[in-house]
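# What the coordinates show
For reference, the chains in residue letters:
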Amino acid sequence: MSKNRTRNNRVVFCLNDEELQCLEQKMEKLGVKNREGFIRKMVMDGYIINIDTSPTAELVRLVRNSTGNINQVSKRANESGCVYEDDVLEILAEHKRIISLAVEAHKNTLEMLRK
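Residues numbered from 1 in each chain as written. Predicted model: local features only at pLDDT ≥ 70, side-chain atom pairs only at ≥ 80, totals over all residues. Heavy atoms only, no water.

With that settled, consider the overall build of the protein chain. Tallying secondary structure elements over the protein chain gives 4 helices and 0 strands in all. Taken against the 2.2 N^0.38 rule, which gives 13 Å for 115 residues, the C-alpha radius of gyration of the protein chain at 24 Å runs more than 25% over that of a compact globule. Seen through its C-alpha atoms, the protein chain measures out along the principal axes to roughly 75 × 40 × 20 Å. For the protein chain, buried positions account for 12% of its 115 residues. For the protein chain, the share of sequence-separated contacts (at least 6 apart) that also reach a separation of at least 24 residues comes to 39%. Carbon and sulfur atoms make up 53% of the accessible area of the protein chain, which amounts to about 10,000 Å² in all. Of the side-chain charges in the protein chain, 19 are positive and 17 negative, and the distance between the mean point of each set is 9 Å. (Helix = DSSP H or I, 4+ residues; strand = E, 2+ residues; numbered from the N terminus. Rg over C-alpha atoms; globule rule 2.2 N^0.38 Å. Buried < 20%, exposed > 50% of the residue type's maximum accessible area, 1.4 Å probe, protein only. Contact = heavy atoms within 4.5 Å. Areas by Shrake-Rupley, 256 points an atom, 1.4 Å probe, with all protein chains shown as cover. Lys, Arg positive; Asp, Glu negative; His and termini not counted. Charge placed at Lys NZ, Arg CZ, Asp CG, Glu CD.)

Shown next, in the form of structure tokens:
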């Protein structure tokens, strides 16, 4: 082994077919491909939590869109002194959708932590 290697202690152990299948199923369920990293994480922490971040990504996208719309309305208001009702209603609708996604994400997180 290399002198520069940070993990220089090797641990070898054997599994029967059933144990190996269980390990592979857990790795697949969590979407983990690195067996060594998975086992190391389990030894150090005792558990692995896999969080689906797609609702958060959608929330971030909506916040960006809403921010862009607010900036456009602000620019228009500053240039012309006039704000269109449709623009304000669109922003309010997006804002309500963002809030509902945030509440749903929060509930999902709490539910996951309770398991």
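Continuing now.
Let us now look at the packing of helix α1 (residues 17-30) against helix α2 (residues 35-45). Running from N to C, α1 and α2 point in directions that differ by 95°, and their axes come no closer than 11 Å. What the angle tells us is that α1 and α2 run roughly perpendicular. Note on element contacts: α2 touches α1 through R35, F38 and I39, opposite L20, L23, E24, K26, M27 and L30. Its residues placed into classes, the contact of α1 with α2 shows 6 nonpolar, no polar and 3 charged. (Axes fitted to C-alpha atoms, helices over the stretch in contact; angles between N-to-C directions. Parallel < 35°, antiparallel > 145°, perpendicular 65-115°, else oblique. Nonpolar A, V, L, I, M, F, W, Y, C, P; charged D, E, K, R; others polar.)

On average, residues of the protein chain score 82 in pLDDT, and 96% of them are at 70 or above. Per-element averaging of pLDDT across the protein chain places helix α3 (residues 54-80) at the bottom with 79 and α1 at the top with 92. (pLDDT = per-residue confidence, 0-100.)

Before going further, it helps to spend a moment on a nonpolar patch on the surface. On the surface, a cluster of nonpolar side chains totalling about 440 Å² of accessible area is made up of Y47, I49, I51 and L113. With respect to the secondary-structure elements, Y47 resides in the loop between α2 and α3. (Patch = residues over 30% accessible without salt bridge, like charges linked within 9 Å, V, L, I, M, F, W, Y side chains within 5 Å. Salt bridge = Lys/Arg side-chain N within 4 Å of Asp/Glu carboxyl O.)

Once that is clear, we can look at the pattern of salt bridges. Per the counting criterion, the structure on display carries 3 salt bridges. Residues E24 and R35 are paired through a salt bridge, measuring 3.3 Å at the closest nitrogen-oxygen approach. In this pair, E24 is assigned in helix α1 and R35 in helix α2, connecting sequence segments 11 residues apart.

Attention now moves to the side chain of E94. Relative to the helices and strands, E94 resides in helix α4 (residues 85-114). In this structure E94 is buried but unpaired, with R61 as the nearest side chain of opposite charge at 7.4 Å. In contact with E94, not counting residues within four places along its chain, are L62, N65, S66 and N69.

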